[in-house]
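Survey of secondary and tertiary structure
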Amino acid sequence: MKIPFNEPYCCGLETTYIKQAFANQQLSGDGHYTARASLMLKEIFQAKHALLTHSCTAALEMAAILLDISPGDEIIMPSFTFVSTANAFVMRGGTPVFVDIDPLTQNIDVEKIEESITNRTKAIVVVHYAGISTDMDRLLAIAKEYNIPVIEDAAQAIYATYKNRPLGSFGDLATVSFHETKNISCGEGGCLLINNDRFISRAEIVREKGTNRSLFYRGEVDKYTWVDVGSSYLPGEITAAFLCAQLEYGEVITKARLVRWHEYEAGLQQLTVDFNIKLMTVPSFASHNGHMYYLLCPNQHVRQELIGHMKKASIGCVFHYVPLHSSPAGRKFGKAIGSMENTDRAASCLLRLPMSPNLNVKPVLEAFAGFFADS
Ligand SMILES: *Cc1c(COP(=O)(O)O)cnc(C)c1O
């Protein structure tokens with residue numbers, strides 16, 4: 001591909017920090033760079049606590065353990081999301097309850113949450129798709145009324161805000177991804193943000209294989225032992241060192257992506273008029289992070305043709321997700337409440353364009369124009 005869908009970004013400092021991590025003679029987790037990255041994340045997200053993990057998936061699994069999800073418990077979430085949002089809860093025996101999305105943002109339709117609440121509901125998970133915020137005031141009001149914890153799957157949402165407050169600072173728990181395809185990356189990585197004090201001490205134990213090792217290293221207990229369920233969720237220092245470098249350039253990376261995003265927005269405007277293509281909608285309460293540029297084709301056929309046309313021009317365009325409610329595992333483990341028409345439409349019509357900080361948008365726009373000129 002001349003223009004790949006995603007290009008890993010390096011700021012240059014990564015290798016310096018990795019060499020330093022080796023010089024520090026600690027390559028396992030929770031050393032100098034883990035502490036530094038965690039502190040930076042706490043500040044970026046204005047979260048009470050940030051724990052590095054080896055993925056957003058791992059952070060979601062930790063969230064399911066912390067909420068004591070057990071068989072029969074229901075977790076409300078969108079169906080239009082990555083599998084880990086649901087899978088983490090299914091691993092504990094929970095039942096994902098899928099709710100349709102808002103056709104303007106592709107985020108969970110907050111107005112449909114209330115009718116999905118039962119006495120088995122243990123959590124509401126929101127996904128801030130494309131780094132664009134869900135309506136948090138409305139959501140938090142419902143969660144408060146029914147006293148249900150909120151988890152933000154903020155995998156795509158670093159540096160994005162709702163009414164000027166960082167996404168990831170609203171939920172009792174929030175999870176972030178530093179996978180290669182996300183804005184800030186260390187290959188594979190993530191973090192769990194904790195905003196509700198009651199989860200903090202147990203979260204350290206769950207992340208350290210169910211042991212009180214963190215307390216031991218801080219000198220708060222005199223021996224370290226197995227005290228709870230848990231797993232190995234912490235990344236090593238090399239990963240944390242890479243992440244530290246990326247976080248130092250986090251605002252630079254975000255600004256560059258937003259420039260690309262606005263270039264797309266301006267360049268594609270005419271298509272919406274001439275060819276019934278829908279561009280992204282950003283509600284006035286949200287400021288986003290240029291995580292992705294997507295558009296909605298009039299139907300699946302046009303989308304397929306477009307992908308083929310772009311591929312011939314050596315430009316990588318992709319689509320997602322297979323809606324979880326219609327996936328084999330989603331059908332087995334979860335249930336859909338009400339109509340899923342907006343989810344199904346996004347799954348068949350949404351097209352993601354290449355996005356990276358140094359992307360040259362012009363040839364992508366030209367290839368697009370070529371497609372519509374021919375049709
Ligand atoms: C990328 C992503 C994940 C998974 O992140 P990993 O770090 O790869 O585990 C989960 N949820 C959403 C919404 C994502 O976009």
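Turning our attention to the site of the ligand. Lining the immediate surroundings of the ligand are 15 residues, of which T57, D153, Q156, S177 and K182 lie closest. In this structure, C56 approaches the ligand through a main-chain N or O atom, which is 2.9 Å from an oxygen atom. K182 has a polar side-chain atom sitting 3.2 Å from an oxygen atom of the ligand. Among the residues forming the shell around the ligand, the class breakdown is five nonpolar, eight polar and two charged.

Moving on: unusual backbone geometry. Residues H320 and Y321 are joined by a peptide bond in cis, for which omega reads -20 degrees. By the secondary structure assignment, Y321 is in the loop between α10 (300-312) and α11 (328-333). With phi around 55 degrees, N147 is a residue other than glycine that occupies positive phi space. Along the polypeptide, N147 turns up in the loop between α5 (136-146) and β5 (150-153). We classify N147 as exposed; its relative accessible area is 68%.

With six of its seven residues buried, strand β4 (residues 121-127) lies for the most part within the structure. With three bridges connecting them, strand β2 (residues 74-78) and β4 associate as parallel partners. Each bridged residue has a counterpart across the sheet, and for I76 the counterpart in β4 is I124. Here four bridges tie β4 to β5, and the two strands are oriented parallel to one another. Bridge pairing in β5 links I124 to V150. At this point the chain moves from β4, through α5, to the parallel β5, and the crossover so formed is right-handed.

According to the domain assignment, the protein chain consists of domain 1 (14-248) and domain 2 (250-373). Each of domain 1 and domain 2 was reduced to a C-alpha centroid, and the two centroids are 25 Å apart. Between domain 1 and domain 2, the residue contacts involve 43 residues of the former and 40 residues of the latter. Contact between domain 1 and domain 2 buries roughly 3,500 Å² in total, counting both sides, with carbon and sulfur atoms accounting for 59%. Summed over the three residues of domain 1 that lose the most area to domain 2, namely F80, F98 and N183, the buried surface amounts to 19% of that side. Between domain 1 and domain 2 we count one salt bridge in total. The shortest N-O distance in the salt bridge between E74 and K335 comes to 3.0 Å. Elements with a minimum of two residues in the side of domain 1 that touches domain 2: α4 (83-90), β3 (95-99), β6 (161-162) and α8 (237-248). Per-element tally for the side of domain 1 that touches domain 2: the top contributor is β3, with five residues.

This part covers the pairing of strand β1 (residues 49-53). For β1, a buried count of four out of five residues is recorded, marking the element as mostly surrounded by other parts of the structure. Of the pairings in the sheet, the one linking β1 to strand β9 (residues 190-194) comprises five bridges and is antiparallel in character. Residue L51 lies in a different strand from β9, and its bridge partner there is L192.

Turning next to the side chain of N289. Mapped onto the elements of the fold, N289 is located in the loop between β10 (286-287) and β11 (293-296). Taking the relative accessible area as the measure of exposure, N289 reaches 0% and is therefore buried. Of note is the side chain of N289, whose polar atom sits 2.8 Å from the backbone oxygen of I158. A polar side-chain atom of N289 sits 3.0 Å from the main-chain amide nitrogen of H291. Among all residues touching N289, those that are not within four sequence positions of it are A130, G131, Q156, A157, I158, Y159, A160, N183, T254, R257 and L258.

In this section: the sheet that holds β9. One open sheet accounts for eight strands, arranged β1-β9-β8-β5-β4-β2-β3-β12; its pairing is mixed. Across the chains shown, the open sheet's two edge strands, defined by having one partner strand only, are β1 and β12 (335-336). Packing against the sheet, α4 makes contact with β2, β3, β4 and β5, and its axis sits at approximately 175 degrees to β2.

One pass over the full model with this rule turns up one cavity of 30 Å³ or more. Of the voids in this model, the largest cavity is the one considered here, and its volume is about 60 Å³. In this structure, the largest cavity is lined by F5, N6, T181, R257, H291, M292, R352 and M355. Partitioned by chemical class, the residues of the lining of the largest cavity number three nonpolar, three polar and two charged.

Another aspect to go through is the packing of aromatic side chains. Summed over the entire model, instances satisfying the criterion amount to 14 aromatic pairs. Ring centres 5.6 Å apart and planes at 50 degrees place the aromatic pair Y129 and Y294 in the tilted group. Remark: Y294 occurs in strand β11 and Y129 occurs in the loop between β4 and α5; sequence separation between them is 165 residues. Classification of Y294 as buried rests on a relative accessible area of 1%.

Parameters and conventions
- Residues numbered from 1 in each chain as written.
- Predicted model: local features only at pLDDT ≥ 70, side-chain atom pairs only at ≥ 80, totals over all residues.
- Heavy atoms only, no water.
- Near = heavy atom within 4 Å.
- Polar contact = N/O pair within 3.5 Å; in protein donor to acceptor, adjacent residues only side chain to side chain.
- Nonpolar A, V, L, I, M, F, W, Y, C, P; charged D, E, K, R; others polar.
- Helix = DSSP H or I, 4+ residues; strand = E, 2+ residues; numbered from the N terminus.
- Buried < 20%, exposed > 50% of the residue type's maximum accessible area, 1.4 Å probe, protein only.
- Pairing = 2+ DSSP bridges.
- Right-handed = clockwise from strand over helix to strand, strands pointing away.
- Domains from an automatic or database assignment.
- Contact = heavy atoms within 4.5 Å.
- Buried area = accessible area lost by both parts, 1.4 Å probe.
- Salt bridge = Lys/Arg side-chain N within 4 Å of Asp/Glu carboxyl O.
- Axes fitted to C-alpha atoms, helices over the stretch in contact; angles between N-to-C directions.
- 1 Å grid on protein atoms, 1.4 Å probe; cavity = no way out; pocket = protein on both sides within 12 Å on 5 of 7 lines; lining within 4 Å.
- Points joined across faces, edges and corners; volume = space filled by probe spheres on them.
- Phe/Tyr/Trp six-rings, centres within 6.5 Å; stacked < 30°, edge-to-face > 60°.

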